[in-house]
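Working through the structure, step by step
Chain residues, written in single-letter form:
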Amino acid sequence: MSEWVIETHELTKTLGGRTAVDSLALRIGKGEIYGFLGPNGAGKTTTIRMLLGLIRPTRGTVRLFGRDLNKDRLAVLRRVGSLVEYPSYYGHLTAFENLETVRRILDVPRSRIGEVLDTVRLSKEAKRPVKGFSLGMKQRLGIATALLGSPELLILDEPTNGLDPSGILEMRELIKRMPEEHGITVLVSSHLLSEIEQTATQVGIINRGKLIFQDSTEALRLRSGTGIRLCVDRADTAWKMLLANGIRAERADGNRLLLNHESDEKLARIVKFLVYNDIAVYRVEEEKRSLEDMFLELTGGGESL
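Cut-offs applied
- Residues numbered from 1 in each chain as written.
- Predicted model: local features only at pLDDT ≥ 70, side-chain atom pairs only at ≥ 80, totals over all residues.
- Heavy atoms only, no water.
- Helix = DSSP H or I, 4+ residues; strand = E, 2+ residues; numbered from the N terminus.
- Rg over C-alpha atoms; globule rule 2.2 N^0.38 Å.
- Buried < 20%, exposed > 50% of the residue type's maximum accessible area, 1.4 Å probe, protein only.
- Contact = heavy atoms within 4.5 Å.
- Areas by Shrake-Rupley, 256 points an atom, 1.4 Å probe, with all protein chains shown as cover.
- Lys, Arg positive; Asp, Glu negative; His and termini not counted.
- Charge placed at Lys NZ, Arg CZ, Asp CG, Glu CD.
- Salt bridge = Lys/Arg side-chain N within 4 Å of Asp/Glu carboxyl O.
- Polar contact = N/O pair within 3.5 Å; in protein donor to acceptor, adjacent residues only side chain to side chain.
- Expected span 1.5 Å × (residues − 1).
- Pairing = 2+ DSSP bridges.
- Axes fitted to C-alpha atoms, helices over the stretch in contact; angles between N-to-C directions.
- Core = buried A, V, L, I, M, F, W, Y, C linked by side-chain atoms within 4.5 Å.
- Parallel < 35°, antiparallel > 145°, perpendicular 65-115°, else oblique.
- Left-handed = near helix turned anticlockwise from the far one by under 90°.
- Nonpolar A, V, L, I, M, F, W, Y, C, P; charged D, E, K, R; others polar.
- Right-handed = clockwise from strand over helix to strand, strands pointing away.

Time to look at the overall build of the chain. For the chain, the count of helices and strands is eleven helices and 15 strands. The C-alpha radius of gyration computed for the chain amounts to 25 Å, which surpasses the reference 19 Å derived for 305 residues by more than 25%, pointing to a less compact arrangement than a globule. Out of the 305 residues in the chain, the part that is buried amounts to 45%. The long-range share in the chain, meaning contacts at least 24 apart out of those at least 6 apart in sequence, stands at 68%. Put simply, the chain shows about 15,400 Å² of open surface, and 48% of that area lies on carbon and sulfur atoms. A distance of 5 Å separates the average location of the 44 positive side-chain charges in the chain from that of its 41 negative side-chain charges.

Listed below in structure tokens is the structure:
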């Protein structure tokens, strides 16, 4: 790809002597939904603030649409819409009136208000005061505000925070429609793997400021992989026998051994070897690690999801 929508090089931010973001190299292509995943405090919001020009990097560069953000800030940011943390509104004004205040600043046609309200499915609520909106409706209005300027890139920071299940579903479906119906590239941050898994086409995992995984959602699933669980007697003896014969295995609880996924032929030879050496094999089972297991392994398992 000759031009990335978002490309960072050695992006670093130090705050109070602590490195919040460390040498980040993001690569996000046109039309992708990029899930920016990490535990709370991993550096997601700090990264997003740098992408939006809200804070300056300690070092490194941000390029949006192939242009240096530091050199072409205004021209580049006109093509970006964002929702960072909770949106603020004038509660006594209607949804339409709130959007009108932003429309005047952006100097876009008034017809855009109806279009974005329709996109986020709030057209029927256009004349209601925002103070009566649910949190999910307010989040959707925040996205409508971000879409007013017809952006090519939409950046959403934890957009499902605080939403009930129906609100999460609405937000998920809205995000998925952005590339398909409007040609918009989306970067969405979350600490919830389940949300990223159901919306994103690409995933970047950040932990303690470092990008530790960046690839397609499918590649993450494949990396989670499968293994083989053997239930045997004398598990310690069996484990030592396998290692002594160059077969990698791990001890698990009780009488279980864990092997990497093997071909049927090799697995049959392993079972035959154990039985030949008077190790009873009670069960042979396939064990698939979940994406949650993979996430915990990559992030050290020390943070909550």
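After presenting the structure, the write-up continues.
So, on to the pattern of salt bridges. Under the definition given, this model contains 18 salt bridges. The closest approach of N and O atoms between glutamate 195 and arginine 172, which form a salt bridge, is 2.9 Å. Of this pair, glutamate 195 sits in helix H7 (residues 193-199) while arginine 172 sits in helix H6 (residues 165-182), and the two are 23 residues apart along the sequence. Assigned by exposure class, glutamate 195 and arginine 172 land together as buried. Among the salt bridges present, the one from glutamate 285 reaches arginine 229, with a minimum N-O distance of 2.6 Å.

A few words on the side chain of arginine 112. Positionally, arginine 112 belongs in helix H4 (residues 111-119). Residue classification places arginine 112 among the buried residues on the basis of a relative accessible area of 17%. Reaching out from arginine 112, the side chain makes a polar contact with the backbone oxygen of leucine 148 at a distance of 3.2 Å. Within the structure, the side chain of arginine 112 is placed 3.3 Å from the side chain of serine 150, a separation counted as a polar contact. If sequence neighbours within four positions are ignored, arginine 112 has contacts with Leu147, Leu148 and Ser150.

Let us now look at helix H5 (residues 135-147). Along its 13 residues, H5 runs 19 Å from first to last C-alpha, staying within 8% of the 18 Å computed at 1.5 Å per residue. For H5, a buried count of ten out of 13 residues is recorded, marking the element as mostly surrounded by other parts of the structure. Within H5, the full set of buried residues consists of Gly136, Met137, Gln139, Arg140, Leu141, Gly142, Ile143, Ala144, Ala146 and Leu147. Check the buried side of H5 and you find it contacts strand E7 (80-84), helix H3 (95-106), H4, strand E8 (153-157) and H6.

Moving on, we come to the sheet that holds E7. Strands sit in the order E7-E8-E9-E4-E10-E11 across an open sheet of six strands; the sheet is mixed. Sheet topology places E7 and strand E11 (210-216) at the edges, where each strand pairs with a single neighbour. Strand-to-strand twist of the sheet, defined as the mean angle between neighbouring strand axes without regard to direction, takes the value 15 degrees. One ladder, built from six bridges, connects strand E10 (residues 202-207) with E11; its direction is antiparallel.

Before going further, it helps to spend a moment on the nonpolar core. Within soluble globular proteins, side chains that are nonpolar generally end up buried alongside one another. By size, the foremost hydrophobic cluster in this structure holds 42 residues, and its most contacted members are Leu141, Ile143, Leu154 and Val186. Ranked by the residues each element gives to this core, the list is headed by H5, at six residues. Other than its neighbours up to four places away in sequence, leucine 141 contacts Tyr89, Ala95, Leu99, Leu117, Leu122, Val130 and Phe133. If you look at the next biggest cluster of nonpolar residues, it comprises 24 residues, including Ile28, Tyr34, Ile48 and Leu64.

Looking now at the packing of helix H9 (residues 235-244) against helix H10 (residues 264-276). For the pair H9 and H10, interaxial distance at closest approach is 11 Å and the crossing angle is 125 degrees. Judged by the angle between their axes, H9 and H10 are oblique. As for how H9 packs across H10, the hand of that crossing is right-handed. Here Ala238, Met241 and Leu242 of H9 lie close against H10, whose contacting residues are Ile270, Phe273 and Leu274. Considered class by class, the residues forming the contact of H9 with H10 number six nonpolar, no polar and no charged.

The next point concerns the pairing of E8. Burial analysis of E8 places five of its five residues in the buried class, the great majority of the element. Residues Leu153, Ile155 and Asp157 point to one face of E8 and Leu154 and Leu156 to the other, with burial holding for every one of them. Strand direction decides the pairing type here: E8 and strand E9 (residues 185-190), joined by five bridges, are parallel. Bridge assignment links isoleucine 155 to a residue of E9, and that residue is leucine 187. Read from E8 through H6 to E9, the crossover connection turns out right-handed.

That is the geometry; function is a separate question.
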